[in-house]
Amino acid sequence: MTSAPRILLLSVAVAATLAACQRREDKAPAPKAAPAPAVAAADNTPVGYDSKTPYATVKLTLPQTVKATPALHAALYADMVRDLKQFEEGAQADLSEAGAGPNPYEKSIAFAPGAETAKLVSLARTDFEFTGGAHPNTSFASVIWDKTTNKRLGFADLFRPGADLTVLDKALCAAANAAKQARSPGSEAATLDGKMWTCPKAVATPFVLTPGTTPGKAGGVTFLMGPYQIGPYSDGPYWVALPQSAFRALLNPAYADQFDGAPAKAGDVTPKNS
């Protein structure tokens, strides 16, 4: 075979090979497009409520953290909104009877998180209410919630039934007086049986769990005392934290393991805006 035919055959072979490669490339599936990022579902769980009428302004504030405990959130939200609506109705009745009055009533309920443990969630409740008079009134309450049973606990659940609370009452009174003297040096001390200023009993005082130095454990409890309880209104409220070491022997064994270490801060831990 001459060189010219050989060159022609080689050219044909190369062209056929290139055509085959092109066909394989044309048939290769196109790469799949990357999936679109998932869009998070909107969380419509309400953490607030407010309403304003000619007779009253009301507001509820819950911390975002309460949404992690759905049963607690549901119970609190329903109860608080009901209470605020009842306040609105009462304000309308009062002010309508009085000729609409110069100023509408006002009420707000705000919850702030206390410490949380494996079993327990705690919330401090602050109620601000104005219905006329020299000044508004502020009061406190608290919620201790067992996450394992979805039940609200009282003092008698967290502490041993029949326990002698004298030690706890004395510790609370001493801590309250220390806070009072730091805030109002030289003021008259409160006592457990005082005539002017009387230290509140622990069993009758709302409290929350106190953040502590041991992760996942409460370092103590914080008692919430309103104005006028151990001093004049001008002193404001007192939130006093006691270490768990002061009352550990009094705890119900079912919850004693939820406490350990020391409070992150003890003594007067009153929020600056209270």
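It should be noted that the structure appears before, not after, this text.
(A) Local environment of the sheet that holds strand 6 (residues 151-153). Pairing is mixed in the open sheet, where six strands are placed in the order 1-2-3-4-5-6. Each edge of the open sheet carries a strand with a single partner, namely strand 1 (48-52) and strand 6. The average undirected angle you get between the axes of adjacent strands in this sheet is 20°.

(B) View of the environment of Trp-197. Tracing the backbone through its elements, the reader meets Trp-197 in the loop between helix 4 (166-183) and strand 7 (207-211). Sequence separation between Trp-197 and Gly-231 is 34 residues, and the spatial gap between their C-alpha atoms is 6.5 Å. If near-sequence neighbours (up to four positions away) are discounted, Trp-197 is found in contact with Lys-180, Glu-188, Ala-189, Ala-190, Thr-191, Tyr-228, Gln-229, Ile-230, Gly-231 and Pro-232.

(C) Here's a closer look at the nonpolar core. In terms of nonpolar packing, the biggest core is built from 35 residues, with Leu-158, Phe-159, Leu-168, Leu-209 and Phe-247 touching the most fellow members. Taken together, the elements giving at least two residues each to this core come down to helix 3 (155-158), helix 4, strand 7, strand 8 (218-225) and strand 9 (238-243). If you tally residues by element for this core, the top one is helix 4, at six residues. In this structure Leu-168 touches Phe-155, Phe-159, Ala-202, Phe-223, Leu-242, Phe-247 and Leu-250, once residues within four positions along its chain are discounted.

(D) Highlighting the environment of Cys-173. Positionally, Cys-173 belongs in helix 4. Take Cys-173: its relative accessible area is 9%, and that puts it in the buried class. As for Cys-173 and Ala-189, which are separated by 16 residues in sequence, their C-alpha atoms are 9.5 Å apart. The contacts of Cys-173, once residues within four sequence positions are left out, are Ala-190, Thr-191, Leu-192 and Cys-199.

(E) Structural context of the pairing of strand 9. Within strand 9, five of the six residues are buried, leaving the element largely enclosed by the surrounding structure. For strand 8 and strand 9, the ladder comprises six bridges, and the chain directions are antiparallel. Bridge assignment links Leu-224 to a residue of strand 9, and that residue is Trp-239.

(F) Examining the state of the cysteines more closely. Applying the stated criterion to the full structure yields one disulfide. Two residues, Cys-173 and Cys-199, share a disulfide whose sulfurs are 2.0 Å apart. Between Cys-173 and Cys-199, the S-S dihedral sits near 65°, and the bridge is therefore right-handed. Of the two residues, Cys-173 is situated in helix 4 and Cys-199 in the loop between helix 4 and strand 7; the sequence distance between them amounts to 26 residues.

(G) Examining the packing of aromatic side chains more closely. Applying the stated criterion across every chain, the model contains nine aromatic pairs. An angle of 50° between the planes, with centres 5.6 Å apart, marks the rings of Phe-207 and Phe-223 as tilted. Linking Phe-207 in strand 7 with Phe-223 in strand 8, this pair joins segments that are 16 residues apart in sequence. Each member of the pair, Phe-207 as well as Phe-223, carries the same accessibility label: buried. Taking the centre distance of 5.5 Å and the plane angle of 45° together, the rings of Tyr-228 and Tyr-233 count as tilted. With relative accessibility at 47%, the residue Tyr-228 sits in the partly exposed group. Look at Tyr-233 and you get partly exposed, because its relative accessible area is 28%. One aromatic cluster is present, built from ring pairs that chain together Phe-155, Phe-159, Phe-207, Phe-223, Phe-247 and Phe-259. Lying over the aromatic face of Phe-87, Lys-107 brings its terminal NZ or CZ to 5.9 Å of the ring centre. Between the NZ or CZ atom of Arg-183 and the centre of the ring of Tyr-238, over which it lies, the distance is 3.8 Å.

Calculation rules
- Along every chain, residues carry numbers that run from 1 in the direction the sequence is written.
- Local features in a predicted model are, by the rule used here, given only for residues with pLDDT of at least 70; side-chain atom pairs are given and counted only at 80 or more, and totals for whole chains, interfaces and linings are based on all residues.
- The side-chain quantities take in all heavy atoms of the structure and omit both hydrogens and water.
- Whether two strands pair depends on DSSP finding at least two bridges between them.
- Counting from the N terminus, the helices are DSSP H or I runs at least four residues long and the strands are E runs at least two residues long.
- Here an axis means a line fitted to C-alpha atoms, over the contact stretch when the element is a helix, while the angle between two N-to-C directions is reported on a 0 to 180 degree scale.
- Any two residues whose heavy atoms approach within 4.5 Å at even a single point are treated as in contact.
- Residues belong to a common nonpolar core when they are buried Ala, Val, Leu, Ile, Met, Phe, Trp, Tyr or Cys residues joined through side-chain atoms within 4.5 Å.
- Burial classes: relative accessible area under 20% of the type maximum marks a residue as buried, over 50% as exposed, and values in between as partly exposed (1.4 Å probe, protein chains only).
- We call a pair of cysteine sulfur atoms a disulfide when they lie within 2.5 Å.
- Any two of the Phe, Tyr and Trp rings considered here, Trp counted by its six-membered ring, make a pair once their centres fall within 6.5 Å; the pair's planes then place it as stacked at under 30 degrees, edge-to-face at over 60, or tilted in between.
- Working rule: Lys NZ or Arg CZ, within 6 Å of ring centre, within 35 degrees of ring normal, means a charge sits over the ring.

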